[in-house]
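# Report on the structure
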Amino acid sequence: MGAGRGPDGDTRPPARPLDSIDRDILRLLRADGRASIRSVAERVHVSRGNAYARINRLIEDGVIRGFSARVDQERAGHGTIAYITLKIIQDSWRTVREQLQELPGAAHLALVSGDFDVLLLVHTQDNRALRDLVLTRIQSIPEVVSTRTLLVFEETDLEPEL
C-alpha cells in the first residue's frame, strides 16, 4: 500500500456527508444524465458556478462514477434476461470476478451473503444463448461449484423521485 491509499488501494478522498442540495443534484442527474449545468442549477436553486463545483466535487469524490445511457435490452436485441446465482470455492472471488466480467451480456455482478456467493445479471439474445452462457462458459470456470438461473419475465426500473 502506497502513501495515501486505503486498504483496497483506494486513492479517493474520504467520503463526505451529502447535503440536501447534493442529493437533489444526484436525483436529477440519475433521471437525466444529459441535463445542463444551467438546468440543474435552476432546479436545485443554486448558481451555475455552485452547481458546477458541486457536480465536479461529486465526481472527484467518486460519488458520481460516470454517466451512461439506459438501454432497452429487448429493443437492443437481448430478449432474455436472467439472474444467475453462483456458489464458488472459498477465497476465489477475485479470480471468478475477473472471468465473469468478460462474459458477453454480463450487466451486474455482486458478491453476496446467504445461500449463494455471487449474483450475476445477464442479458442474452435468447434462451439458447443463455443456456450456452451458463452451461458452457460459467460452469466451466473451475472455481464455480454450482449455479442456479432465474429467468426475468418482466422488469421495472425504479426512477429517482424528482
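Here's a quick rundown of the structure. Residue numbers run consecutively from 1 along every chain, following the written order of its sequence. This being a predicted model, a pLDDT of at least 70 is required before a residue's local features are given, and a value of 80 or more before pairs of side-chain atoms are given or counted; all residues contribute to the totals for chains, interfaces and linings. To get the side-chain values, all heavy atoms of the structure are used, and hydrogens and water are removed first.

### Topic: the layout of surface pockets
- Counted as a void, the largest pocket has a volume near 770 Å³.
- The distinction between a cavity and a pocket rests on a 1 Å grid over the protein atoms alone: a 1.4 Å probe fits inside a cavity but cannot get out, while a pocket stays open yet meets protein on both sides within 12 Å along at least five of seven lines, and a residue with an atom within 4 Å of a point counts as lining. Forming the boundary of the largest pocket are 20 residues, of which Leu 29, Arg 30, Gly 66, Ser 68 and Arg 70 lie nearest the centre.
- Elements are defined by DSSP. Helices are runs of H or I of four residues or more, strands are runs of E of two residues or more, and each kind is numbered from the N terminus. The biggest single contributor to the lining of the largest pocket is helix H1 (residues 20-31), with four residues.
- Under the convention adopted here, Pro, Cys and the residues Ala, Val, Leu, Ile, Met, Phe, Trp and Tyr are nonpolar, Asp, Glu, Lys and Arg are charged, and Gly plus all remaining residues are polar. Each residue belonging to the lining of the largest pocket can be placed in one class, and the counts come to nine nonpolar, four polar and seven charged. Grid points are joined across faces, edges and corners, and a volume is the space filled by probe spheres set on the points.

### Some points on the sheet that holds strand E2 (residues 106-111)
- Strand order in the open sheet formed by four strands is E2-E3-E1-E4, with antiparallel pairing between adjacent strands. What marks the edges here is a single partner per strand, and that holds for E2 and strand E4 (144-151). The sheet shows a mean angle of 20° between the axes of neighbouring strands, direction not considered.
- Alignment of E2 against strand E3 (residues 118-124), held across five bridges, turns out to be antiparallel. Within E3, the residue paired with His 108 across the bridge is Leu 121.
- Residue contacts are defined here by distance: any two heavy atoms, one from each residue, within 4.5 Å place the two residues in contact. Only C-alpha atoms enter the line fits that serve as axes; for helices the fit covers just the stretch in contact. Angles between N-to-C directions range over 0 to 180 degrees. In the packing of helix H4 (residues 93-101) onto the sheet, contacts are made with strand E1 (80-88), E2 and E3, and the angle to E2 comes to roughly 170°. Two strands pair under a simple rule: DSSP has to find at least two bridges between them.

### Overview of the packing of helix H2 (residues 37-44) against helix H3 (residues 48-60)
- Contact geometry of H2 with H3 gives a least axis separation of 8 Å together with a crossing angle of 105°. Regarding the angle of H2 to H3, the classification is roughly perpendicular. Taken together, the residues of H3 that come into contact with H2 (itself represented by Ile 37, Arg 38, Val 40 and Ala 41) are Arg 48, Ala 51, Tyr 52 and Ile 55.
- Tallied by class, the residues present in the contact of H2 with H3 amount to six nonpolar, no polar and two charged. An angle below 35 degrees is treated as roughly parallel, one above 145 as roughly antiparallel, one from 65 to 115 as roughly perpendicular, and anything else as oblique.

### Some thoughts on the nonpolar core
- Counting 17 residues, the largest nonpolar core has Ile 84, Leu 86, Ile 88, Leu 100, Leu 120, Val 122 and Ile 138 as the members making the most contacts within it.
- Listing elements by their share of this core, those giving two or more residues are E1, H4, E3 and helix H5 (127-138).
- Once residues lying within four places of it in the same chain are set aside, the contact partners of Ile 84 are Val 118, Leu 119, Leu 120, Val 122, Leu 130, Val 134, Ile 138, Thr 147, Arg 148 and Thr 149. Think of a nonpolar core as a cluster: buried Ala, Val, Leu, Ile, Met, Phe, Trp, Tyr and Cys residues, connected wherever their side-chain atoms sit within 4.5 Å. To sort residues, take the accessible area from a 1.4 Å probe on protein chains only and compare it with the maximum for the residue type: under 20% means buried, over 50% means exposed, and anything in between is partly exposed.

### Quick look at a negative patch on the surface
- A cluster of acidic residues, Asp 72, Glu 74, Glu 154, Glu 155 and Asp 157, forms a negative patch at the surface.
- On the secondary structure map, Asp 157 appears in the segment after E4.
- For Asp 157, a relative accessible area of 54% puts it in the exposed group. The patch calculation keeps residues exceeding 30% relative accessible area without a salt bridge and links them within 9 Å when they carry like charges or within 5 Å when they are nonpolar (Val, Leu, Ile, Met, Phe, Trp, Tyr). The accessible surface values rely on the Shrake-Rupley method and a 1.4 Å probe; as for residues, cover is taken only from the protein chains in view. The rule for a salt bridge is simple: a side-chain nitrogen of Lys or Arg has to be within 4 Å of a carboxyl oxygen of Asp or Glu. When charges are tallied, Lys and Arg are placed among the positive residues and Asp and Glu among the negative ones, while His and the ends of the chain are skipped. Charged groups are reduced to one reference atom each: NZ for lysine, CZ for arginine, CG for aspartic acid, CD for glutamic acid.

### Here's the deal with H5
- For H5, the set of buried residues is Leu 130, Leu 133, Val 134 and Ile 138. What you see down the axis of H5 is that its buried residues fit within an arc of 85°, all on one side.
- Contact partners of the buried residues in H5: E1, H4, E3 and E4.
- A 3.5 Å cut-off defines polar contacts: any pair of N or O atoms within that distance qualifies, except that in protein one atom must be a possible hydrogen donor and the other a possible acceptor, and neighbouring residues in sequence count only when both atoms are side-chain atoms. Capping the start of H5 is the job of one residue whose side-chain oxygen sits 3.2 Å from the backbone nitrogen of Arg 128: Asp 126. By arc we mean the arc of the directions from the helix axis to the C-beta atoms, nothing more.

### Points about the pattern of salt bridges
- Applying the stated rule across the entire model yields eight salt bridges.
- A salt bridge links Asp 22 to Arg 54, with the shortest nitrogen-to-oxygen separation between them at 2.8 Å. Residue Asp 22 is located in helix H1, and its partner Arg 54 is located in helix H3; the two are separated by 32 residues in the primary sequence. There is no split in this pair, since Asp 22 and Arg 54 are both buried.

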